Amino acid sequence: MRSIMLKDFGSVDNLVYTELPVPSINDGEVLIQIKAISINPVDVKTRIGKGRAAKLKDENPIVLGWDVSGLLVYLNLHCLKKAMRYLE
């Protein structure tokens, strides 16, 4: 999958375009084929080492951008049951 990865906290020069493998899906997760993203203040703060940086410092790779829109590709049964509770 195409991605913009943060190789180290700091300037925008630390963002690199890269190809990553499609992640495996764990219980309680979904896989989304992303069609659009937005960058919000928490992404910028995290990139410079603030925001969610402390929680992500051990992640490799770090991929910013939590606001996404796209197509649901995979949904496991556990997620479906949980989602149905909210729809009822």
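Preceding this paragraph is the structure being described.
Visitor: What am I meant to see in the environment of Val68 here?
Guide: Relative to the helices and strands, Val68 resides in strand β5 (residues 67-75). Each C-alpha atom, one on Val68 and one on Ile34, is 6.4 Å from the other, the two residues being 34 residues apart in sequence. The contact partners of Val68, leaving out residues within four places of it in the chain, are Ile32, Ile34, Ala36 and Ile37.

Visitor: Mind showing me how you'd approach the sheet that holds strand β4 (residues 62-63) here?
Guide: Sheet strands associate in pairs through backbone hydrogen bonding, adopting either a parallel or an antiparallel arrangement. Across the sheet, 3 strands lie side by side as β2-β1-β4; this open sheet has antiparallel pairing. The two strands at the open ends of the sheet, each matched to only one other strand, are β2 (15-19) and β4. The sheet contact formed by strand β1 (residues 2-6) and β4 spans 2 bridges and is antiparallel. Bridge assignment links Leu6 to a residue of β4, and that residue is Ile62.

Visitor: Would you take a moment to explain a nonpolar patch on the surface for this structure?
Guide: Taken together, the side chains of Val30, Ile32, Ile34, Ile37, Ile39, Val44, Val68, Leu72 and Leu75 define a hydrophobic patch exposed on the protein surface, amounting to about 730 Å² of accessible area. For the nonpolar patch, the secondary structure elements donating two or more residues are β3 (30-38) and β5. Among the elements that line the nonpolar patch, the one with the most residues is β3, at 4 residues. As for its position among the elements, Ile39 is in the loop between β3 and α1 (41-47). Take Ile39: its relative accessible area is 56%, and that puts it in the exposed class.

Visitor: Looking at this structure, how should I read the side chain of Thr46?
Guide: Among the secondary structure elements, Thr46 is positioned in helix α1. Overall, the relative accessible area of 0% leaves Thr46 in the buried class. Residues within four places of Thr46 in sequence aside, it is in contact with Leu6, Phe9, Gly51, Arg52, Ala53, Leu56, Leu64 and Trp66.

Visitor: What exactly am I supposed to notice about the layout of surface pockets here?
Guide: Approximately 1,500 Å³ is the volume attributed to the largest pocket. Forming the boundary of the largest pocket are 37 residues, of which Met1, Ser3, Ile34, Val63 and Gly65 lie nearest the centre. At the level of elements, β1, β2, β3, α1, β4 and β5 are the ones that each hand at least two residues to the lining of the largest pocket. Looking at which element gives the most residues to the lining of the largest pocket, the answer is β3, with 8 residues.

About the cut-offs
- Residues numbered from 1 in each chain as written.
- Predicted model: local features only at pLDDT ≥ 70, side-chain atom pairs only at ≥ 80, totals over all residues.
- Heavy atoms only, no water.
- Helix = DSSP H or I, 4+ residues; strand = E, 2+ residues; numbered from the N terminus.
- Contact = heavy atoms within 4.5 Å.
- Pairing = 2+ DSSP bridges.
- Patch = residues over 30% accessible without salt bridge, like charges linked within 9 Å, V, L, I, M, F, W, Y side chains within 5 Å.
- Areas by Shrake-Rupley, 256 points an atom, 1.4 Å probe, with all protein chains shown as cover.
- Salt bridge = Lys/Arg side-chain N within 4 Å of Asp/Glu carboxyl O.
- Buried < 20%, exposed > 50% of the residue type's maximum accessible area, 1.4 Å probe, protein only.
- 1 Å grid on protein atoms, 1.4 Å probe; cavity = no way out; pocket = protein on both sides within 12 Å on 5 of 7 lines; lining within 4 Å.
- Points joined across faces, edges and corners; volume = space filled by probe spheres on them.

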